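# Descriptive analysis of the structure
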Amino acid sequence: MPDLGGAALAGPLLIAGLVLTEVALWQWRVILTARGSKALPSVLGMLGAVLQITAVSQVVTNIHDPLTVAAYALGVGGGVLAGVIVGDRFTSDSTAVNVITTDATLDARLRSRGWPVTTQHGHGEAGAVQLLLIVVRGRHRAALVDDLARYAPDAFWTAEDLRTGPVMNLPV
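Below or above, wherever it landed, is the structure these notes cover.

## Things to note about the side chain of Asp-147
Among the structural elements, Asp-147 can be located in helix α5 (residues 141-151). Side chain to side chain, Asp-147 and Arg-113 meet in a polar contact 3.0 Å long. If sequence neighbours within four positions are ignored, Asp-147 has contacts with Leu-110, Arg-113, Trp-115 and Ala-152.

Below, the structure written as structure tokens:
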């Protein structure tokens, strides 16, 4: 029976930590690059390369150890999740959400939830519609999408990341 004490787990835990960090940095780097950033993603890429080559060399050295391979896989999965969370929480870009709805009360319900809604009235093929524009910080996008799914499941909406100047009066 293999020894699963601290010494036997130290290598796989180190690999999992290195890979988790590298993949999280990679994920964040992709998000920043897609939003137009250049310098920080380059630095993150260099740091990630050092972490990745260190982890891969340890996996190759211990390729027959199932804990080592599992630790690598765990690090990749955890890194993707961590990178997306970091990208959503700490990237301050704004998101514009455009909503087309026939529900004349949707704008008021969204405002009561704290969303900064700008409303325009229009006329579509089906009759009267409201065109809503909601601009929020990127980290609030998921909560806004959740509210749209809850309060306007039949509405048509789009979201786009903005790379413009500061946004005024947004919920913190």
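## Regarding α5
Within an α-helix, residues lying three or four positions from one another point in the same direction, as the helix has 3.6 residues per turn. Where α5 is concerned, the buried positions are Leu-144, Asp-147 and Leu-148. Down the axis of α5, the sector holding all buried residues measures 100 degrees, keeping them to one side. Among the exposed residues of α5, those oriented more than 90 degrees off its buried face are Ala-149 and Arg-150.

## Notes on the sheet that holds strand β3 (residues 127-137)
Strands belonging to one sheet form pairs held by backbone hydrogen bonds; the direction of such a pair is parallel or antiparallel. One open sheet holds the 4 strands; their spatial order is β2-β3-β1-β4, and the pairing between them is antiparallel. Edge strands, defined here as strands with exactly one partner in the open sheet, are β2 (117-124) and β4 (156-162). Going across the sheet, the axis of each strand differs from the next one's by a mean of 20 degrees, ignoring polarity. In this structure, strand β1 (residues 94-101) lies alongside β3, joined through 8 bridges in antiparallel fashion. Looking at β3, one finds that Asn-98 is bridged to Leu-133.

Rules and cut-offs
- Residues numbered from 1 in each chain as written.
- Predicted model: local features only at pLDDT ≥ 70, side-chain atom pairs only at ≥ 80, totals over all residues.
- Heavy atoms only, no water.
- Helix = DSSP H or I, 4+ residues; strand = E, 2+ residues; numbered from the N terminus.
- Polar contact = N/O pair within 3.5 Å; in protein donor to acceptor, adjacent residues only side chain to side chain.
- Contact = heavy atoms within 4.5 Å.
- Buried < 20%, exposed > 50% of the residue type's maximum accessible area, 1.4 Å probe, protein only.
- Arc of directions from axis to C-beta.
- Pairing = 2+ DSSP bridges.
- Axes fitted to C-alpha atoms, helices over the stretch in contact; angles between N-to-C directions.

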